[in-house]
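# Topology and contacts: notes
As a plain string of letters, each chain reads:
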Amino acid sequence: MEKDCGAWINLLSHKVKTRLNATLQNLGITGVQSRVIYYILSHYQEGPIFQRDIENVFGLSRSTATGILQLLEKNGIIRRESVESDARLKSLVPTQRAAMLDALVYACLQETDRMLTRGLSEGQVQLFKEMAAQMLRNLDDWDGEAADNASCGKVHASNPKSSQQNIRAKNKETN
């Protein structure tokens, strides 16, 4: 059976996460944490970074972002500091440990990207990025069409040969 785009994306995502986690394990961080650390370090000088920024950039739920940031804080990689204008807001500040991890995290992310794109031309890599960005926009648009989100469940109901019927037919053939 040929894989659809979603299956390929899922497979790639799983492989990248597994590889990053294994590579970064000796540093005591995960692949997702490494990307968050890298983002904070890359943007910290531009102005304060907040949890909502992490949620938006990485497409994370509030609870997932909270968990990641709490672990980074517990491990001494970031700290949260109150903002003068609004004490309820806490900016994410990289610590000395984050700065020490910076070069290692960057090298790991670069090597992962190099291995992912090995054998591809710059044009192919650019095309992939454009296609992935369009797919993300498509999914964002789909999320915006809340009434249509239930359409996945309707696919088989309107199809005269549903998946269950196909499975039953195959089971009869093998019995």
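Residues numbered from 1 in each chain as written. Predicted model: local features only at pLDDT ≥ 70, side-chain atom pairs only at ≥ 80, totals over all residues. Heavy atoms only, no water.

In this section: helix α3 (residues 51-58). One full turn of an α-helix is made of 3.6 residues, so residues set three or four places apart face in the same direction. By the burial criterion, the buried members of α3 are Q51, I54 and E55. For α3, the angular spread of buried residues about the axis comes to 100 degrees, placing them on one side. If you follow the buried residues of α3, they end up packed against α2 (31-43), α4 (62-74), β1 (78-83) and β2 (86-94). After α3 finishes, the residue G59 shows a positive phi value of roughly 65 degrees. (Buried < 20%, exposed > 50% of the residue type's maximum accessible area, 1.4 Å probe, protein only. Helix = DSSP H or I, 4+ residues; strand = E, 2+ residues; numbered from the N terminus. Arc of directions from axis to C-beta. Contact = heavy atoms within 4.5 Å.)

Moving on: the side chain of S91. Locating S91 in the fold gives a position in strand β2. The class of S91 is buried, set by a relative accessible area of 9%. Discounting residues that sit within four places of it in the chain, S91 has contacts with P48, I49, F50, R79, R80, E81 and V83.

Bringing the packing of helix α1 (residues 5-24) against helix α5 (residues 96-117) into the picture now. Between α1 and α5, the shortest axis-to-axis distance is 11 Å and the interhelical angle comes to 145 degrees. At the point where α1 passes α5, the crossing takes the right-handed sense. Where α1 abuts α5, its residues L12, V16, L20, T23 and L24 lie against C108, L109, T112 and L116. Per-class residue counts for the contact of α1 with α5 are 7 nonpolar, 2 polar and no charged. (Axes fitted to C-alpha atoms, helices over the stretch in contact; angles between N-to-C directions. Left-handed = near helix turned anticlockwise from the far one by under 90°. Nonpolar A, V, L, I, M, F, W, Y, C, P; charged D, E, K, R; others polar.)

Attention shifts here to the packing of aromatic side chains. When we look at a pair of aromatic rings, we describe it by the centre distance and by the angle of the planes. In total, this model carries 2 aromatic pairs according to the counting rule given. Taking the centre distance of 5.7 Å and the plane angle of 25 degrees together, the rings of Y38 and Y106 count as stacked. Of the two residues, Y38 sits in helix α2 while Y106 sits in helix α5, which places them 68 residues apart along the sequence. What makes Y38 partly exposed here is its relative accessible area of 29%. What makes Y106 partly exposed here is its relative accessible area of 39%. Measuring from centroid to centroid gives 6.0 Å for Y39 and F58, while their planes differ by 80 degrees, and the two rings are edge-to-face. Of the two residues, Y39 sits in helix α2 while F58 sits in helix α3, which places them 19 residues apart along the sequence. Since its relative accessible area comes to 17%, Y39 is described here as buried. Overall, F58 belongs to the partly exposed group, its relative accessible area being 27%. In this structure, K3 packs its charged tip against the face of W8, placed 5.1 Å from the ring centre. (Phe/Tyr/Trp six-rings, centres within 6.5 Å; stacked < 30°, edge-to-face > 60°. Lys NZ or Arg CZ within 6 Å of the ring centre and 35° of its normal.)

The side chains of a regular strand alternate between both faces of the sheet. As defined by bridge partners, β1 adjoins β2 across 6 bridges and the pair is classed as antiparallel. The residue of β2 that forms the bridge with E81 is S91. In this antiparallel pair of consecutive strands, β1 and β2, the connection spans 2 residues. (Pairing = 2+ DSSP bridges.)

Attention shifts here to a negative patch on the surface. Taken together, D140, D141, D143 and E145 make up a surface patch of like negative charges. Topologically, E145 is positioned in the loop between α6 (122-144) and α7 (151-158). (Patch = residues over 30% accessible without salt bridge, like charges linked within 9 Å, V, L, I, M, F, W, Y side chains within 5 Å. Areas by Shrake-Rupley, 256 points an atom, 1.4 Å probe, with all protein chains shown as cover. Salt bridge = Lys/Arg side-chain N within 4 Å of Asp/Glu carboxyl O. Lys, Arg positive; Asp, Glu negative; His and termini not counted. Charge placed at Lys NZ, Arg CZ, Asp CG, Glu CD.)

Turning to the environment of T66, a few remarks are in order. Examined against the element boundaries, T66 turns out to sit in helix α4. Given the relative accessible area of 22%, T66 is considered partly exposed. Taking the C-alpha atoms as reference points, T66 and I54, 12 residues apart in sequence, are found 9.6 Å from one another. What T66 contacts, discounting residues up to four positions off in sequence, is Q51 and R80.

None of this, on its own, says anything about what the molecule does.
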